[in-house]
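These are the residues of each chain, in order.
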Amino acid sequence: IPQLDNRDNLMDLFLEIIGFALVDAFQHLNDEVFKVDDSGTTCTVVLHCVEPWSEVMEGNNPHVYLVCANVGDSHAYFYTGINTTRLNCDHRLDSNKGECERIKAA
């Protein structure tokens, strides 16, 4: 796990640690599901993160981040009231060339 070297990198560190935590949680969930069913799992998580130490204290808009992670072919979308944006990509081999290459390389 990375270490904090200065306050300016606090949000970067937080986002990186969240990535490690989500991978660990997905692996644990998959292991638990596999004990009772060998068909695998699909999961999507979206975290809405507000950087509390940014300019909030001065009355300015805070930095806001969405962290999206998924396993399998479940989808997440962000709707603004006007536009809809897909936040993640499929991990299905038939629709994701990059995922095919990643698995072949492993």
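Residues numbered from 1 in each chain as written. Predicted model: local features only at pLDDT ≥ 70, side-chain atom pairs only at ≥ 80, totals over all residues. Heavy atoms only, no water.

S.K.: I'm lost on the overall build of the protein chain in this one. Help?
M.R.: Scanning the protein chain for helices and strands turns up two helices and four strands. Traced from its N-terminal end to its C-terminal end, the protein chain shows the element sequence α-β-β-β-β-α. Taking all 106 residues of the protein chain together, 18% fall into the buried category. A separation threshold of at least 6 residues defines the contact pool for the protein chain, and within that pool the share at least 24 residues apart is 32%. As displayed, the protein chain has an accessible area near 8,000 Å², and 54% of this comes from carbon and sulfur atoms. (Helix = DSSP H or I, 4+ residues; strand = E, 2+ residues; numbered from the N terminus. Buried < 20%, exposed > 50% of the residue type's maximum accessible area, 1.4 Å probe, protein only. Contact = heavy atoms within 4.5 Å. Areas by Shrake-Rupley, 256 points an atom, 1.4 Å probe, with all protein chains shown as cover.)

S.K.: I keep staring at the nonpolar core and nothing clicks. Help me out?
M.R.: Nonpolar side chains in soluble globular proteins tend to end up buried together. By size, the foremost hydrophobic cluster in this structure holds seven residues: I18, L22, F26, C43, C49, V67 and A69. Of all the secondary-structure elements, those providing two or more residues to this core are α1 (10–36), β1 (43–50) and β2 (64–71). At three residues, the largest contribution of residues to this core is made by α1. (Core = buried A, V, L, I, M, F, W, Y, C linked by side-chain atoms within 4.5 Å.)

S.K.: Help me out: how do you make sense of a nonpolar patch on the surface in this one?
M.R.: Taken together, V46, L66, F78 and L87 make up a surface patch of nonpolar side chains, about 300 Å² in accessible area. Relative to the helices and strands, L66 resides in strand β2. (Patch = residues over 30% accessible without salt bridge, like charges linked within 9 Å, V, L, I, M, F, W, Y side chains within 5 Å. Salt bridge = Lys/Arg side-chain N within 4 Å of Asp/Glu carboxyl O.)

S.K.: Explain the side chain of S74 here, please?
M.R.: Turning to its location among the elements, S74 is positioned in the loop between β2 and β3 (77–79). The residues contacting S74, other than those within four sequence positions of it, are T42, C43, T44 and N88.

S.K.: Just to check I follow, could you spell out the pattern of salt bridges for this structure?
M.R.: Where charged atoms from two side chains of opposite charge approach closely, those side chains can pair. Tallied over the entire structure, the rule returns one salt bridge. A salt bridge links K35 to E32; the shortest N-O distance between them is 3.0 Å. With a gap of three residues between them, K35 and E32 both fall in helix α1, about one helical turn apart. Judged by relative accessible area, which is 35%, E32 ranks as partly exposed.

S.K.: For this particular structure, what's the right way to read the environment of V67?
M.R.: Mapped onto the fold, V67 is located in strand β2. Since its relative accessible area comes to 15%, V67 is described here as buried. Among all residues touching V67, those that are not within four sequence positions of it are L15, I18, L22, V45, V46, L47 and C49.

S.K.: What am I meant to see in the side chain of N88 here?
M.R.: Tracing the backbone shows N88 in the loop between β4 (84–86) and α2 (97–105). A distance of 3.1 Å separates a polar side-chain atom of N88 from the backbone nitrogen of A76. Ignoring any residue separated from it by four or fewer positions in sequence, one finds N88 in contact with T44, C68, N70, S74, H75 and A76. (Polar contact = N/O pair within 3.5 Å; in protein donor to acceptor, adjacent residues only side chain to side chain.)

S.K.: What am I meant to see in the confidence of the model for the protein chain here?
M.R.: Detail in the predicted coordinates should be disregarded across regions flagged by low pLDDT. In the predicted model, the protein chain carries a mean pLDDT of 76, and 72% of its residues have values of at least 70. The secondary structure element of the protein chain with the lowest average pLDDT is α2, at 76, and the one with the highest is β4, at 92. (pLDDT = per-residue confidence, 0-100.)

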